[in-house]
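# Architecture at a glance
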Amino acid sequence: MARTAVSRRLGDRLRWRVAEVTERRAESATAVTLVLEVPEWPGHLAGQHVDIRLTAEDGYSTQRSYSIASAPDGTRLELTVQRVVEGEVSPYLVDELMPGDQLELRGPVGGWFVWQPEQEEPVLLVAGGSGLVPLMCMIRSRRAAGSRVPFRVLYSLRSPAELLYGPEIRQGTPGVDLTHIYTREAPQQSARPPGRITPDDLARHGWPPDFAPTCYVCGPTAFVEKAAAYLVLLGHDPERVRTERFGGGED
Ligand SMILES: Cc1cc2nc3c(=O)[nH]c(=O)nc-3n(C[C@H](O)[C@H](O)[C@H](O)COP(=O)(O)OP(=O)(O)OC[C@H]3O[C@@H](n4cnc5c(N)ncnc54)[C@H](O)[C@@H]3O)c2cc1C
């Protein structure tokens with residue numbers, strides 16, 4: 001691609017845009033999906049994120065990154081934000097931002113942690129808590145593109161009350177096998193006692209390494225590092241284990 005075309009595309013992604021909140025949906029007691037209208041949104045790939053910039057009346061400004069939850073859909077974008085206790089930004093986004101409010105946003109950002117409908121290999125998605133957000137975008141994009149590539153998903157969460165996208169997850173998607181790993185409190189009918197993800201969980205519910213899946217691991221930093229190390233230990237090619245770290249501790 002010519003140098004001017006590259007710098008034009010980059011410049012477009014680095015440009016701050018004003019987005020408007022058109023809707024908010026509670027996903028759990030501590031997480032909300034914000035539906036945004038972003039004029040001239042250039043489109044995104046599943047797995048990419050945006051940067052959000054908030055500026056107070058006294059000029060103080062701060063930024064955070066949020067993954068895109070929705071499949072590409074014109075100028076409409078969905079973000080899902082999990083409230084972090086005593087966090088600076090997430091409590092504002094979860095509790096105070098309302099339809100009609102505006103915020104600054106730039107992106108899409110990221111080119112490695114993405115899934116594209118042209119990919120033909122099996123896919124393993126491993127999510128810790130709100131790490132499900134970009135992986136849900138991959139599931140939704142797979143569905144929107146009519147892809148039949150088989151997905152296996154391991155979703156680690158503290159308790160059933162923290163489940164994101166409950167109705168959609170419960171409805172299921174043909175070709176997408178989802179296993180819940182509860183770390184603190186499991187539903188009564190669950191055969192697996194609560195506990196953090198183990199190599200056995202990944203071996204049992206993931207793909208054998210010789211199927212050569214692409215693995216996407218996302219969530220709190222400590223969770224991602226542990227799960228990715230387990231996948232390599234199980235024999236997965238490190239080149240095929242893609243990670244996105246959200247910061248924070250393991251839970
Ligand atoms: C590429 C990328 C994509 C992201 N996508 C999402 C997303 O889709 N949804 C989402 O909810 N968050 C996402 N995050 C995390 C988000 O950017 C913020 O870090 C998070 O909302 C906390 O911000 P805060 O201002 O509320 O907390 P801060 O004031 O920044 O931090 C307060 C305390 O919480 C800890 N902390 C920071 N982040 C986390 C975390 N993620 N989990 C637990 N503890 C944390 C800090 O170490 C600190 O002790 C993403 C992060 C990255 C880098």
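All of these numbers come straight from a predicted model, not from anything done at the bench.

### Side note on the nonpolar core
Residues Leu125, Leu135, Met138, Phe151, Tyr165 and Tyr216 are the most contacted members of the largest nonpolar core, which totals 28 residues. For this core, the elements supplying multiple residues, two or more each, are strand 7 (123-128), helix 3 (132-145), strand 8 (151-157), strand 9 (176-182) and strand 10 (214-219). A total of seven residues in this core trace back to one element, the largest contributor, which is helix 3. Residues in contact with Leu125, not counting those within four places in the same chain, are Leu135, Met138, Ile139, Phe151, Arg152, Val153, Leu154 and Tyr216. Of all hydrophobic cores here, the second largest spans 21 residues; its members include Leu34, Leu36, Ile52 and Val81.

### Focus on the environment of Thr22
On the secondary structure map, Thr22 appears in strand 1 (residues 17-28). Taking relative accessible area as the criterion, Thr22 reaches 44% and is therefore assigned partly exposed. Sequence separation of Thr22 and Pro99 is 77 residues, and the distance between their C-alpha atoms is 4.8 Å. When neighbours within four sequence positions are excluded, Thr22 is seen to be in contact with Val35, Leu36, Glu37 and Pro99.

### With respect to the sheet that holds strand 5 (residues 76-82)
If you walk across this open sheet you meet the six strands as 4-3-6-1-2-5, and the pairing is antiparallel. Unpaired on one side and paired on the other, strand 4 (61-67) and strand 5 mark the two borders of the sheet. Neighbour-to-neighbour, the strand axes of this sheet turn through a mean angle of 40°, independent of strand direction.

### Considering the site of the ligand
Every one of the 21 residues lining the ligand counts as a neighbour, but Ser65, Tyr66, Gln82, Val89 and Ser90 are closest to it. For the ligand, a nitrogen atom lies 3.1 Å from a polar atom in the backbone of Ser67. The cavity that encloses the ligand is the largest pocket. Elements that contribute at least two residues to the shell around the ligand include exactly strand 4, strand 5, helix 2 (90-95) and strand 11 (241-245). When residues of the shell around the ligand are assigned to their parent elements, the largest contribution, four residues, is made by strand 4. Partitioned by chemical class, the residues of the shell around the ligand number seven nonpolar, 10 polar and four charged.

### Some details on the side chain of Arg242
Along the chain, Arg242 turns up in strand 11. One buried charged residue, Arg242, remains without a salt bridge, the closest side chain of opposite sign being Glu121 at 6.0 Å. At 2.9 Å, the side chain of Arg242 and the backbone oxygen of Trp112 are in polar contact. With near-sequence residues (within four places) excluded, Arg242 lies in contact with Trp112, Phe113, Val114, Thr214, Cys215, Tyr216 and Val217.

### Concerning the UniProt feature "domain: FAD-binding FR-type" (unreviewed entry) in the protein
The positions that UniProt labels "domain: FAD-binding FR-type" (unreviewed entry) are, in the present scheme, residues 14-115. Counting secondary structure, residues 14-115 comes out at 7% helix and 47% strand; the distance between its end C-alpha atoms is 22 Å.

### Comments concerning helix 3
For helix 3, which comprises 14 residues, the first-to-last C-alpha distance of 20 Å matches the rise-based estimate of 20 Å (1.5 Å per residue) to within 8%. For helix 3, the tally of buried residues reaches 11 of 14 residues, placing the bulk of the element in the interior. Listing the buried residues of helix 3 in full gives Leu132, Val133, Pro134, Leu135, Met136, Cys137, Met138, Ile139, Arg140, Ser141 and Arg142.

What counts and what doesn't
- Residues numbered from 1 in each chain as written.
- Predicted model: local features only at pLDDT ≥ 70, side-chain atom pairs only at ≥ 80, totals over all residues.
- Heavy atoms only, no water.
- Core = buried A, V, L, I, M, F, W, Y, C linked by side-chain atoms within 4.5 Å.
- Buried < 20%, exposed > 50% of the residue type's maximum accessible area, 1.4 Å probe, protein only.
- Helix = DSSP H or I, 4+ residues; strand = E, 2+ residues; numbered from the N terminus.
- Contact = heavy atoms within 4.5 Å.
- Pairing = 2+ DSSP bridges.
- Axes fitted to C-alpha atoms, helices over the stretch in contact; angles between N-to-C directions.
- Near = heavy atom within 4 Å.
- Polar contact = N/O pair within 3.5 Å; in protein donor to acceptor, adjacent residues only side chain to side chain.
- 1 Å grid on protein atoms, 1.4 Å probe; cavity = no way out; pocket = protein on both sides within 12 Å on 5 of 7 lines; lining within 4 Å.
- Sits in = over half its atoms within 2 Å of the grid points.
- Nonpolar A, V, L, I, M, F, W, Y, C, P; charged D, E, K, R; others polar.
- Lys, Arg positive; Asp, Glu negative; His and termini not counted.
- Salt bridge = Lys/Arg side-chain N within 4 Å of Asp/Glu carboxyl O.
- UniProt positions renumbered as here; feature names shortened; annotations may be inferred.
- Expected span 1.5 Å × (residues − 1).

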